[in-house]
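Observations on the three-dimensional arrangement
The chain contents come next:
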Amino acid sequence: MNDVFKAYARALKSLLTPGILWHLLWPTLLAIAAWSFAAWLSWDWVGARVERLFHETSWLDWVVQRWQASALAGAIFVKVVLGLLLIPLIYGTALFLVAVFALPLMLERVAQSDYPALERRRGGTLLGGIANALLALAVFLGGWLLTLPLWLIPGMAVVLPMLLAGYLNYRGYSYDALSLHAGAEELRAVLAEERGKLYLAGILAGLLAFVPLLNFFVPAYAGLAFIHYCLEALRRRREAAWASAR
C-alpha cells in the first residue's frame, strides 16, 4: 500500500512539470461539455424512454415504487436516474481521453524528468491502448447500469461506484503507462504481478472522485499516479533481474 501512496505523492510533484497542468483540465472539461450538450438535445426524449422502461419492467417498476414511497415524485425520480447515468458517461469519457491522448504526453515528460535511465522497449501499441480503454469503459458502464437498483441498499451508493471506478482506473491506465517502456513480456508480467496494488490505486482515485472540485482533476491525476507506479514497478523488476543474472 505504501507504493500506492508514494505514486500519488510523486504525481503531485509532477504537477510542477511544464505542460502537465493543462492535461489535468481539458479531458474533464471536454467530457462535461460534450455530454451536457448531448443531454440538452435529448433530455426529454431519453427521460420519457427511461420512465417507460422502468414501468414496463416488473422488477424495475418495484424500484420506482420504492423510491416514490420515499417521497420522490415520478418526474424527480427520472431526473435522478438520468443524472446518475450522466456521471459515469462524463467520468468514463474523461478517462478515455486521458488514457488515449493525454497520458502518452504526460508519460513522455514524467519519464524524461524522473526515469531517464529506464530503457524504452515499446511492448504496447496505440491500437492495444485504445482497445484496452474501450473494454474498460464498456465494463464500467455496464456495471454501473446493472448495479443501479442495488444503490437502494444503505452505503452501496458509495461503495459500488468506488469499486467500479477503481476497475476503470486500473484497467484503463495500467497498459498505457507501461506500453512505452516495457517489452511485451514485461508488460504482461508487471500487470499480473501488480494487479492487486494497481486495483488499490484505482480505488483510491475512485475515492478522490467523491471530493467536490477535486473530482475535476481526478482522471488525469490518477493517470499520473499510474505512470509513476508502473514505471517504478518496471524499474524494480529490471533491477531484480539484473541482480539475479550476476
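The paragraphs below set out a description of the structure included in this document. Just so it is clear, the model here is predicted, and its values are computed rather than measured. (Residues numbered from 1 in each chain as written. Predicted model: local features only at pLDDT ≥ 70, side-chain atom pairs only at ≥ 80, totals over all residues. Heavy atoms only, no water.)

**Some words on the overall build of the protein chain**
Counted only if it meets this: For helices the rule is a DSSP run of H or I covering at least 4 residues; for strands it is a run of E covering at least 2, with both sets numbered from the N terminus onward. Partly exposed describes any residue whose relative accessible area lies between the buried limit of under 20% and the exposed limit of over 50%, with all areas from a 1.4 Å probe on protein chains only and scaled to the type maximum. Note on areas: these come from Shrake-Rupley sampling with a 1.4 Å probe, and a residue is covered only by the protein chains present in the view.
In terms of helices and strands, the protein chain carries nine helices and zero strands. Counting from the amino terminus, the protein chain carries its helices and strands in the arrangement α-α-α-α-α-α-α-α-α. With 246 residues in all, the protein chain has 45% of them scored as buried. Total accessible area on the protein chain stands at roughly 12700 Å², and carbon and sulfur atoms take up 69% of it.

**Observations concerning the pattern of salt bridges**
For clarity, the cut-off: Each reported salt bridge corresponds to a side-chain nitrogen of Lys or Arg within 4 Å of a carboxyl oxygen of Asp or Glu.
Counted under the stated rule, the structure contains 11 salt bridges. Taking the shortest distance from any N to any O, the salt bridge between E193 and R237 comes out at 3.3 Å. Here E193 is found in helix α7 (residues 184-193), whereas its partner R237 is found in helix α9 (residues 218-245), with 44 residues between them in sequence. R237 sits in the partly exposed class, given a relative accessible area of 32%. Ionic contacts of the salt-bridge type, sharing partners, join the residues R10, E232, R235 and E239 into one network.

**Here's the deal with the environment of T28**
Just so we agree on the cut-off: Whether two residues touch is decided by their heavy atoms; if any such pair falls within 4.5 Å, the residues are in contact.
For T28, the position within the fold is in helix α2 (residues 21-56). The exposure class of T28 is buried, given its relative accessible area of 7%. Between the C-alpha atoms of T28 and L97, which are 69 residues apart in sequence, the distance is 8.5 Å. Residues contacting T28, with those up to four places away along its chain left out, are A94, F216 and P219.

**Here we look at unusual backbone geometry**
Most of the time, phi is negative for any residue but glycine, and the peptide bond is trans. Of note, R122 is a non-glycine position whose phi angle comes to about 50 degrees, a positive value. Here R122 shows up in the loop between α4 (74-114) and α5 (126-147). Judged by relative accessible area, which is 54%, R122 ranks as exposed. Of note in the backbone geometry, L213 takes a positive phi value of approximately 70 degrees without being a glycine.

**Some thoughts on the packing of aromatic side chains**
Here is the rule: Note on aromatic contacts: the rings of Phe and Tyr and the six-membered ring of Trp form a pair at centre separations within 6.5 Å, being stacked when their planes are under 30 degrees apart, edge-to-face when over 60 apart, and tilted otherwise.
Tallied over the entire structure, the rule returns seven aromatic pairs. Ring geometry for F140 versus W144: centroids 5.7 Å apart, planes at 65 degrees, classification edge-to-face. Of the two residues, F140 and W144 are both situated in helix α5; the distance of four residues between them amounts to about one turn of the helix. The burial state of F140 is the same as that of W144; both residues are buried. Pairing Y173 with F226 gives two aromatic rings, centres 5.7 Å apart and planes at 50 degrees, and the pair type is tilted. Taken together, the positions of Y173 in helix α6 (residues 156-179) and F226 in helix α9 put the pair 53 residues apart, joining distant regions of the chain.

**Examining α6**
Operational definition: For a helix, the expected span equals 1.5 Å multiplied by the number of residues minus one.
Compared with an ideal rise of 1.5 Å per residue, which puts 24 residues at 34 Å, α6 spans 35 Å between its outermost C-alpha atoms and is within 8% of the ideal. Counting buried positions over the 24 residues of α6 gives 17, a clear majority of the element.

**Quick word on a nonpolar patch on the surface**
Here is the rule we go by: A patch consists of residues exposed above 30% relative accessible area that lack any salt bridge, with like charges linked at up to 9 Å and nonpolar side chains (Val, Leu, Ile, Met, Phe, Trp, Tyr) linked at up to 5 Å.
The grouping of W22, L25, L29, L213 and F216 at the surface amounts to a nonpolar patch, some 520 Å² of accessible area in total. By secondary structure assignment, the location of L25 is in helix α2.

**Re the nonpolar core**
In a soluble, globular protein the nonpolar side chains are often hidden away together inside. Just so we agree on the cut-off: In this description, a nonpolar core means a group of buried Ala, Val, Leu, Ile, Met, Phe, Trp, Tyr and Cys residues linked to one another through side-chain atoms lying within 4.5 Å.
In terms of nonpolar packing, the biggest core is built from 65 residues, with Y8, Y173, L178, L224 and I227 touching the most fellow members. Per-element tally for this core: the top contributor is α4, with 17 residues. Not counting residues within four places of it along the chain, the set of residues in contact with L224 comprises A11, S14, L15, I20, L24, M106 and V110.

**Let's talk about the environment of A189**
Inspection of the secondary structure assignment puts A189 in helix α7. As for A189 and R237, which are separated by 48 residues in sequence, their C-alpha atoms are 9.5 Å apart.

**Quick look at the packing of α6 against α9**
What counts, and what does not: Structural elements are reduced to axes, namely lines fitted to C-alpha atoms, with helices fitted over the stretch in contact, and the angle between N-to-C directions of any two is expressed from 0 to 180 degrees. Throughout, the term roughly parallel applies to angles under 35 degrees, roughly antiparallel to angles over 145, roughly perpendicular to angles from 65 to 115, and oblique to all others. Here a crossing is taken to be left-handed if its near helix is turned anticlockwise relative to the far helix by less than a right angle, and right-handed if that turn runs clockwise. Charged residues are taken to be Asp, Glu, Lys and Arg, nonpolar residues to be Ala, Val, Leu, Ile, Met, Phe, Trp, Tyr, Cys and Pro, and polar residues to be all remaining types, Gly included.
Direction vectors running N to C along α6 and α9 enclose 55 degrees, while the axes themselves pass 9 Å from each other. The orientation of α6 relative to α9 falls into the category oblique. The two elements α6 and α9 cross, and the hand of that crossing is right-handed. Across the interface between the two elements, N169, Y170, Y173, S174, A177 and L178 from α6 touch P219, A220, A222, G223, F226, I227, C230, L231 and L234 from α9. Of the residues contributing to the contact of α6 with α9, the split by class is 12 nonpolar, three polar and no charged.

Take it as geometry only, folks, not as evidence of what the structure does.
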